[in-house]
Amino acid sequence: QVQLVESGGGVVQAGGSLKLSCAASRSIFSIGAMNWYRQAPGNQRELVARITSGGSTNYADSVKGRFAISRDNAQKTLYLQMNSLKHEDTAVYYCNADRVTYYSNGILRDEYDRWGQGTQVTVSS
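These numbers were taken from a predicted model, which means no experiment stands behind them.

Engineer: Explain unusual backbone geometry to me, using residue names and the numbers behind them.
Structural biologist: A positive phi angle is found at S84, which is not glycine, with a value near 50 degrees. Of note, S84 is situated in the loop between β9 (77-82) and β10 (91-104). A positive phi angle is found at D113, which is not glycine, with a value near 55 degrees. Position of D113 relative to the elements: it lies in strand β11 (residues 107-115). Residue D113 is classed as partly exposed on the basis of its relative accessible area, which comes to 46%.

As structure tokens, then:
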């Protein structure tokens, strides 16, 4: 099964930093654009950052200048470096892949709109 697994969440004080990771299954051959979303209680899921397979990035205005998305294509891992964290950043953070290509019984197959399980980020006062 194609899997995305987030890690690195936790509790940090306002002004602190945290780095999230999203590791893809080893069987994955390639991944298209990847995204970090977040969802706070009572709020809709919002796109935080996006990175294409070629490395182009986009950020939500609320995190621009504080967060940095990156990827290691060789290790099939997505990262989100979060600096100058605010209480408003508290949410469950999810990684997402537009498209993943993977090996299944020796055949390359595609899956679309894949999600990780989420990791909790809590920013305290």
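Additional details are given in the paragraphs that follow.
Engineer: So, the environment of L108: which residues are in play, and what are the values?
Structural biologist: Along the chain, the position of L108 falls in strand β11. Taking relative accessible area as the criterion, L108 reaches 42% and is therefore assigned partly exposed. For L108 and S27, which are 81 residues apart along the polypeptide, the C-alpha to C-alpha distance reads 9.9 Å. Once residues within four sequence positions are removed from consideration, L108 is found in contact with F29, T101, Y102 and Y103.

Engineer: Describe the nonpolar core, and please don't skip the residues or the numbers.
Structural biologist: Core analysis: the biggest nonpolar cluster contains 31 residues, and W36, L80, M82 and Y93 have the highest contact counts within it. Top contributing element to this core by residue count: β10, with six residues. Among residues more than four places away in sequence, those in contact with L80 are L18, K19, L20, W36, V48, A49, F67, A68, I69 and Y93.

Engineer: Which residues make up the environment of I69, and what values do they have?
Structural biologist: Examined against the element boundaries, I69 turns out to sit in strand β8 (residues 67-72). Taking the C-alpha atoms as reference, I69 lies 9.3 Å from G55; in sequence the two are 14 residues apart. If we skip the residues at most four places from it in the chain, I69 touches M34, W36, A49, R50, I51, T57, Y59, L78, Y79 and L80.

Engineer: I'd love a proper account of the pattern of salt bridges, names of residues and values included.
Structural biologist: Summed over the entire model, instances satisfying the criterion amount to six salt bridges. Linking E46 and R38 is a salt bridge whose minimum nitrogen-to-oxygen distance equals 2.7 Å. Taking the relative accessible area as the measure of exposure, R38 reaches 5% and is therefore buried. We note a salt bridge from K64 to D61, for which the minimum N-O separation is 3.6 Å.

Engineer: Explain the packing of aromatic side chains residue by residue, including any values.
Structural biologist: Scanning the model with the defined rule gives three aromatic pairs in all. Judged by centre distance (4.9 Å) and plane angle (50 degrees), the rings of Y37 and W115 are tilted. Pair noted here: Y37 is in strand β5 (residues 34-39) and W115 is in strand β11, with a separation of 78 residues, a long-range link. Among the residues examined, W115 registers a relative accessible area of 26% and is labelled partly exposed. Each ring, one from Y94 and one from W115, has its centre 6.4 Å from the other, and the planes form 80 degrees; the classification is edge-to-face. Within this pair, whereas Y94 is found in strand β10, its partner W115 is found in strand β11, the two being separated by 21 residues in sequence. Take Y94: its relative accessible area is 21%, and that puts it in the partly exposed class. One aromatic cluster in this structure is built from Y37, Y94 and W115. Its guanidinium or amino end placed over the ring of Y37, R45 lies 4.9 Å from that ring's centre, counting from NZ or CZ.

Cut-offs used in this document
Every chain's residues receive numbers from 1 upward, in the order its sequence appears when written. Local features in this predicted model are restricted to residues whose pLDDT is 70 or higher, and side-chain atom pairs enter the listing and the counts only when it is 80 or higher, whereas totals over whole chains, interfaces and linings include all residues. Note that the side-chain values use all heavy atoms of the structure and ignore hydrogens as well as water. Only DSSP runs of H or I reaching four residues or more are called helices, and only runs of E reaching two or more are called strands; each is numbered from the N terminus. Accessibility here uses a 1.4 Å probe with only protein chains present; expressed as a share of the type maximum, an area under 20% marks a residue as buried, one over 50% as exposed, and anything in between as partly exposed. Note on contacts: a residue pair is in contact if any heavy atoms of the two residues lie within 4.5 Å. Definition of nonpolar core: a set of buried residues of the types Ala, Val, Leu, Ile, Met, Phe, Trp, Tyr and Cys, connected through side-chain atoms within 4.5 Å. Any carboxyl oxygen of Asp or Glu within 4 Å of a side-chain nitrogen of Lys or Arg constitutes a salt bridge here. Stacked, tilted and edge-to-face are the three classes assigned to paired rings of Phe, Tyr and Trp, where Trp is represented by its six-membered ring and a pair needs centres within 6.5 Å; plane angles under 30 degrees give stacked, over 60 edge-to-face, the rest tilted. Distance and angle both matter: a charge sits over a ring if NZ of Lys or CZ of Arg is within 6 Å of the ring centre and within 35 degrees of the ring normal.

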